[in-house]
Amino acid sequence: MRILLILTATFLMSINLFGQDDPLKFFYVIDSVAFKNNIRVKFDTLHNPPNQNTITKYDTLGRKILFYYTNSKFKYKNVYKTSADTILCFISTVSNENLTEKVIEIQKYLYNSNGKIIFKSNCYKNSNNISAQLTKFYYDSLNRITAKHFYYVHNFSKELNDHYSTNEASYELNTAENYFYDNKNRLILIKEMTGPFEERYTDSLKYDNQGRLKTIIKFQKYGSIGEIKQRDIFYTTNYVYSDSSWTKYESVCVGEKIEATKGAWKSPTIEYVFSENGLLIKEYMVYDNSKELHKKYDYQYFK
């Protein structure tokens, strides 16, 4: 999941929609692909696996406003409010039976004078507690992101409301990442900077001759899931481009090398097929000798 967010960040930061930078101001609120393509509804049309059809609705700004499974009585509703340079997103569950709404999460997004996000936070209900997370962003003189600091606090508050603290002193630092670039201003390395050195993760990014992202390899040594498996963890994402579409392949390998060796464990590869303009069309689960269509998406557009 974190790899997907990294790619999304890299992709969105490299585009300029309609010749304007303003949509990127709402980086973590607006789905820029939905905005660019004027998407009103995204829905999967595949009935296998059964009862897993999903519906996602967007407003005219490309913001997600509703998500639900077609076989569920609950819907997840997003409502946005803006105050000065801060955007609030209230996420609620709505029951189809009685239409009662219950706020389950409140997100805050704060931007600097250049329109760059400087922190995002979310306060949410976790079992019987109210917990919160905060991410701070740092930039260099070229407006490239250089670091992210991730904070967390459990049992943060007794009440879920939009007055929760956004001061990092109220939180505990969970981890920090540093970002590194090549002489072409391309992101090539993300390094975890906290925790035992031997357990820190690194993300290495490589590009093809046309400057397109080709490979991301996340390496974790004996940390996180690796502690359970007592093996190194490799999360590999590969990208293949064609004239009319592009495909992303995600896989996980547990072992001493990226390639599945004797005694190593390798997950099924997840294959994502996108249209040329960035719309997700299909998802496959790829096994050693088979390939299973897992999701198939269609879209409705604003007129």
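The coordinates are above.
Residues numbered from 1 in each chain as written. Predicted model: local features only at pLDDT ≥ 70, side-chain atom pairs only at ≥ 80, totals over all residues. Heavy atoms only, no water.

Student: How would you sum up unusual backbone geometry? Please name residues and give values.
Tutor: If a residue is not glycine, its phi is most likely negative; likewise, a peptide bond is most likely trans. Phi angles above zero are rare outside glycine, and N143 is one such case at about 65°. Along the chain, the position of N143 falls in the loop between β8 (129–139) and β9 (145–157). The backbone of N185 shows a phi angle near 65°, a positive value even though the residue is not glycine. Looking at the secondary structure, you find N185 in the loop between β10 (172–181) and β11 (187–192). Judged by its relative accessible area of 46%, N185 falls in the partly exposed class. (Helix = DSSP H or I, 4+ residues; strand = E, 2+ residues; numbered from the N terminus. Buried < 20%, exposed > 50% of the residue type's maximum accessible area, 1.4 Å probe, protein only.)

Student: How would you summarise the pairing of β9 if you had to cite specific residues and measurements?
Tutor: Direction of pairing for β8 relative to β9: antiparallel, over a ladder of nine bridges. Bridge pairing links F137 to K148 in β9. Connecting the antiparallel pair β8 and β9 is a turn made up of five residues, with N143 showing a positive phi of about 65°. Here β9 runs beside β10; their pairing, made up of six bridges, is antiparallel. Of the residues in β10, the one forming a bridge with H149 is A176. (Pairing = 2+ DSSP bridges.)

Student: How would you explain the environment of K291 if you had to name every residue and give the values?
Tutor: Position of K291 among the secondary structure elements: in strand β19 (residues 291–301). With relative accessibility at 49%, the residue K291 sits in the partly exposed group. A C-alpha to C-alpha distance of 9.3 Å links K291 and T269, two positions 22 residues apart in sequence. In this view, K291 contacts E271, Y284, M285 and V286; residues no more than four positions away in its chain are not counted. Of the polar contacts made by the side chain of K291, one reaches the side chain of E271; its length is 3.2 Å. (Contact = heavy atoms within 4.5 Å. Polar contact = N/O pair within 3.5 Å; in protein donor to acceptor, adjacent residues only side chain to side chain.)

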